[in-house]
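Structural overview
One-letter residues, chain by chain:
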Amino acid sequence: MLSDSSWRIIRIGLVGLVLAAAVAGLVLGDAWLWAAVEWSPPAYAEFYARDGFDTPTTVALLVAALVKATLLWLILRAPAPGPLDRREKALRRLLYLAVAYALVLWYPIALLPDAVDAAFQLALWTAIDVLYLLVIRWRSRMLRAAAGAMFAVELAGMANELLDELDLPELGSGDIVALGLMLGGVAATIITVVGQRRDGRWSRGTQVAGWLSVGVYALAIPLNILFARIPSGNLAMLVMMDAVGLVSTVWIAATARELPVEGRPADLPPARRRVIRVAVAAVAVLPIVALIHPEQTPHLTYTGWSMDCYDRPSFGDLKPAERDAAFLCRARSTDGGVPPMFPDNLSDQGILAYGRALCRTKDRDEQEAILTRAGSTRPAWGVDPWDLVYVCPEVVGATHPELLRSTAEMEAANTAYIAEKNAKCRDPWPRTKGVVQATANYFLFVDGDPGYVVHDPEGEAADEAAEQAMDKVYDDSALIGHVADVVDLCLTVKAFRTAPPPRTAGWDQVNEMPIVSRSGRLTVPEMGEGGEVGAGAPMPNLAIAGKGRYRLRVYVRVDDAGEEQHLVVVFPGASRKRLKLKPS
């Protein structure tokens, strides 16, 4: 084992090297400053800041170098002398392996597949937790049992990450489960520190380091959520959190160092205890204070990638305090690969101010001028009222009252509208009843919808038929086009056991063609939940004789009011001829 003087020389050398590398990095450039302070390859610097570090980040890196050098000095203290039994020796070696991983081994392991890293962490901490239960003198069966439970939750979180990396079913999914497993790791640290205090071998300084590591974990959870929502502009805080994170490594190293009973260090004097308490409070409070900015400081709450922006609630579903956030999401959205309404570097206050100015515009030209002034990359597009309603409902609601509705109100209004449209459609053959039949309004796409499909929904050609020209027939589906420029039409479908009379009088077009049902079904698409096209009422199965060949007859006419009506008749028939019973 190395002597105390040898350990001291190593500590001085390594700490001096860290500080010297940071100073050299300041001279050589951002990439080398990053490598000197963060102990990771220079190429990582470009990933985090392609345009170089700003002044706060550079200052944070220099401060972090001092912090990490101080903590490294504590980590590299020589192991306390004294006898150890077999379990204690194994625990010390594993703890020093965890320290080595945190300092240097993480990088070569990171070059391997992520599953290898997750498996290594799980194996290492499983062994450490088991030895904690055996080595620490808990002096209470209940406390030992609680420690075992917390260790199990901690290891479950690591196992869940390994399963995720292996693309296997996870132990649980969702943010609540992930947060619970993360908090299990914090609880495991807390109960270990409690066990160290009851054991009596570990000094007050080691216990303080344990509590500090708990504080760092407690801060890391909300800060990680914050950084996930704001992917830019927080590099300085990330650097400081990475430096402070070494506190947990200090605690692990101190735990390994003080395992021998005879080597237990004396308690700290009262003055140093007070200093440590102030340091603990500073570590816990200062990062939170740093996050609090003056009101005039630009805020960047949401970006085009923010998880909270994936849901698009209706205006009526939001509380007044939530409406500004909804507009910010839409203003920075990049859905569909389109550029955002406003640039990402424009603050929340700026976007909201421009949004309210857009509410007062009278035409697209005024909107374009405002968007150009704001730095938008798409000023010619203007802004739609369904976006502006979140910042000026009193203005938009005056001309578009439907945009003020909640989801429930919109669904009720849509249901009433569909029912009203269906009620206007009448059966053109009221005295000729089919075996099955239905009459409803069929809603088309507003722009360029070729028509609707009569098809076997389980057949293979339905999707292909929808892309073909009017009346193009496939084996098990047919596309029926509309003749007028309409966005909906009245559709009646009827199925007969035998062919009905042609009855072409009063119709503009009557065509007949073959169609096949391979599954025993023939129908017309219905308007699905939240859909915009399809029949407004349930459509029956027109293949009343089961699988086989049928004849499909389509009647089309446009009345004096420009409304288009269709009658679709289906009956069994083996003929493969296509007939124009009444050409247009």
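Residues numbered from 1 in each chain as written. Predicted model: local features only at pLDDT ≥ 70, side-chain atom pairs only at ≥ 80, totals over all residues. Heavy atoms only, no water.

1. Brief notes about the overall build of the protein
A tally of helices and strands in the protein yields 19 helices and 10 strands. When each of the 584 residues of the protein is scored for burial, the buried share is 43%. Of the contacts formed within the protein by residues at least 6 apart in sequence, a portion of 72% connects residues at least 24 apart. Only carbon and sulfur atoms are counted for the fraction: they give 59% of the accessible area of the protein, which is about 30,900 Å². (Helix = DSSP H or I, 4+ residues; strand = E, 2+ residues; numbered from the N terminus. Buried < 20%, exposed > 50% of the residue type's maximum accessible area, 1.4 Å probe, protein only. Contact = heavy atoms within 4.5 Å. Areas by Shrake-Rupley, 256 points an atom, 1.4 Å probe, with all protein chains shown as cover.)

2. Let's talk about the state of the cysteines
In total, this model carries two disulfides according to the counting rule given. Linked covalently through their sulfurs, Cys-425 and Cys-490 form a disulfide whose S-S length is 2.1 Å. Handedness here is read from the sign of the S-S torsion; for Cys-425 and Cys-490, about -80°, the answer is left-handed. Residue Cys-425 is found in the loop between α18 (407-423) and β1 (436-443), and its partner Cys-490 is found in strand β5 (residues 488-495); the two are separated by 65 residues along the sequence. Each member of the pair, Cys-425 as well as Cys-490, is classed as buried. (Disulfide = S-S within 2.5 Å.)

3. Notes on the confidence of the model for the protein
A low pLDDT score tells you not to read the predicted coordinates there in detail. Averaged over every residue, the pLDDT of the protein is 82; residues scoring 70 or more account for 81%. The model gives residues 461-474 a pLDDT under 50, and that stretch makes 30 contacts with residues more than four places away or in other chains. (pLDDT = per-residue confidence, 0-100.)

4. Quick look at unusual backbone geometry
Look at Arg-139: it is not a glycine, yet its phi comes out positive at around 60°. Mapped onto the elements, Arg-139 comes out in the loop between α6 (114-135) and α7 (141-165). Residues other than glycine seldom take positive phi values, yet Arg-503 does so here, at roughly 50°. The residue Arg-503 is located in the loop between β5 and β6 (509-517) in this model.

5. Thoughts on the packing of helix α4 (residues 55-75) against helix α10 (residues 235-244)
Here α4 crosses α10 at 0°, and the two axes come no closer than 9 Å. One element, α4, and the other, α10, form an angle in the roughly parallel class. Residues Pro-56, Thr-57, Ala-60, Leu-61, Val-63, Ala-64, Val-67, Lys-68 and Leu-71 of α4 form the contact with α10, whose own contacting residues are Leu-235, Ala-236, Val-239, Met-240, Asp-242 and Ala-243. Residue composition of the contact of α4 with α10, by class: 12 nonpolar, one polar and two charged. (Axes fitted to C-alpha atoms, helices over the stretch in contact; angles between N-to-C directions. Parallel < 35°, antiparallel > 145°, perpendicular 65-115°, else oblique. Nonpolar A, V, L, I, M, F, W, Y, C, P; charged D, E, K, R; others polar.)

6. What about helix α11 (residues 246-257)?
Because each turn of an α-helix spans 3.6 residues, side chains separated by three or four positions end up pointing in the same direction. Helix length check: α11, at 12 residues, gives a terminal C-alpha distance of 16 Å against a target of 16 Å (1.5 Å per residue), a fit within 8%. Most of α11 sits inside the fold, with 12 of its 12 residues counted as buried. Looking at α11, one finds that the buried residues are Leu-246, Val-247, Ser-248, Thr-249, Val-250, Trp-251, Ile-252, Ala-253, Ala-254, Thr-255, Ala-256 and Arg-257. (Expected span 1.5 Å × (residues − 1).)

7. Some words on the sheet that holds β6
Ordered by their spatial adjacency, seven strands build an open sheet running β7-β1-β5-β9-β8-β6-β10, and the pairing between neighbours is mixed. Both outer strands of the open sheet, β7 (534-535) and β10 (579-582), are each paired with one neighbouring strand and no more. Pairing between β6 and strand β8 (residues 548-558): nine bridges, direction antiparallel. Each bridged residue has a counterpart across the sheet, and for Val-516 the counterpart in β8 is Arg-549. Across the face of the sheet, α18 comes into contact with β1 and β5 while running at roughly 120° to β1. (Pairing = 2+ DSSP bridges.)

8. Description of the pattern of salt bridges
Inspection of every chain in the model, using the stated rule, returns 13 salt bridges. Residue Glu-88 is joined to Arg-201 by a salt bridge in which the shortest nitrogen-to-oxygen separation is 2.9 Å. Highlighted residues: Glu-88 in helix α5 (residues 86-110) and Arg-201 in the loop between α8 (175-199) and α9 (204-229), separated in sequence by 113 residues. Across the pair Arg-257 and Glu-258 runs a salt bridge, and its minimum N-O distance is 3.9 Å. This pair shows no difference in class: Arg-257 is buried, exactly as Glu-258 is. One continuous salt-bridge network, built from bridges that share partners, spans Glu-88, Arg-137, Asp-199 and Arg-201. (Salt bridge = Lys/Arg side-chain N within 4 Å of Asp/Glu carboxyl O.)

9. Overview of a negative patch on the surface
Together, Asp-114, Glu-161, Asp-164, Glu-165, Asp-167 and Glu-170 make up a region of like negative charge exposed at the surface. Counting residues per element, the negative patch draws most heavily on α7, at three residues. Exposure remark for Asp-164: the relative accessible area of 39% places this residue in the partly exposed category. (Patch = residues over 30% accessible without salt bridge, like charges linked within 9 Å, V, L, I, M, F, W, Y side chains within 5 Å. Lys, Arg positive; Asp, Glu negative; His and termini not counted. Charge placed at Lys NZ, Arg CZ, Asp CG, Glu CD.)

10. What to know about the pairing of β5
With respect to burial, β5 is a largely interior element, eight of its eight residues being buried. Judged by which residues are buried, β5 turns out to be covered on both faces: Asp-488, Cys-490, Thr-492 and Lys-494 on one side and Leu-489, Leu-491, Val-493 and Ala-495 on the other are all buried. Sheet topology note: the β1/β5 ladder contains eight bridges and is antiparallel. The partner of Ala-438 across the bridge, within β5, is Val-493. Here β5 runs beside strand β9 (residues 564-572); their pairing, made up of six bridges, is parallel. Counted as the bridge partner of Lys-494 is Val-569 from β9.

11. Quick look at the side chain of Thr-249
Inspection of the secondary structure assignment puts Thr-249 in helix α11. The exposure class of Thr-249 is buried, given its relative accessible area of 5%. Non-local contacts of Thr-249, meaning those with residues more than four positions away in its chain, are made with Ile-75, Val-99, Ala-102 and Leu-103.

12. Observations concerning the nonpolar core
What tends to happen in soluble globular proteins is that the nonpolar side chains get buried as a cluster. By size, the foremost hydrophobic cluster in this structure holds 50 residues, and its most contacted members are Leu-91, Trp-125 and Ile-128. Top element by residues in this core is α6. It accounts for nine residues. In this structure, Trp-125 is in contact with Ala-98, Leu-155, Met-158 and Ile-252, ignoring residues within four places of it in sequence. Tyr-442, Ala-478, Ala-495 and Val-554 belong to the second largest nonpolar core, which has 28 residues in total. (Core = buried A, V, L, I, M, F, W, Y, C linked by side-chain atoms within 4.5 Å.)

13. What to know about α18
The end-to-end C-alpha distance of α18 is 24 Å, a good match for the 24 Å that 17 residues give at a rise of 1.5 Å each. Burial in α18 covers these residues: Ile-418, Lys-421 and Asn-422. With its buried residues spanning 100° around the axis, α18 presents them on a single face. (Arc of directions from axis to C-beta.)

14. Describing the packing of aromatic side chains
What the rule picks out here adds up to nine aromatic pairs. On the basis of an interplanar angle of 65° and a centroid distance of 5.2 Å, the ring pair of Trp-429 and Tyr-555 is categorised as edge-to-face. Residue Trp-429 is located in the loop between α18 and β1, and its partner Tyr-555 is located in strand β8; the two are separated by 126 residues in the primary sequence. When sorted by exposure, Trp-429 lands in the same class as Tyr-555, which is buried. Between Arg-503 and the ring centre of Trp-429, over which it is positioned, the NZ or CZ distance is 5.1 Å. When the ring centre of Trp-507 is taken as reference, the NZ or CZ atom of Arg-557 above it lies at 4.0 Å. (Phe/Tyr/Trp six-rings, centres within 6.5 Å; stacked < 30°, edge-to-face > 60°. Lys NZ or Arg CZ within 6 Å of the ring centre and 35° of its normal.)

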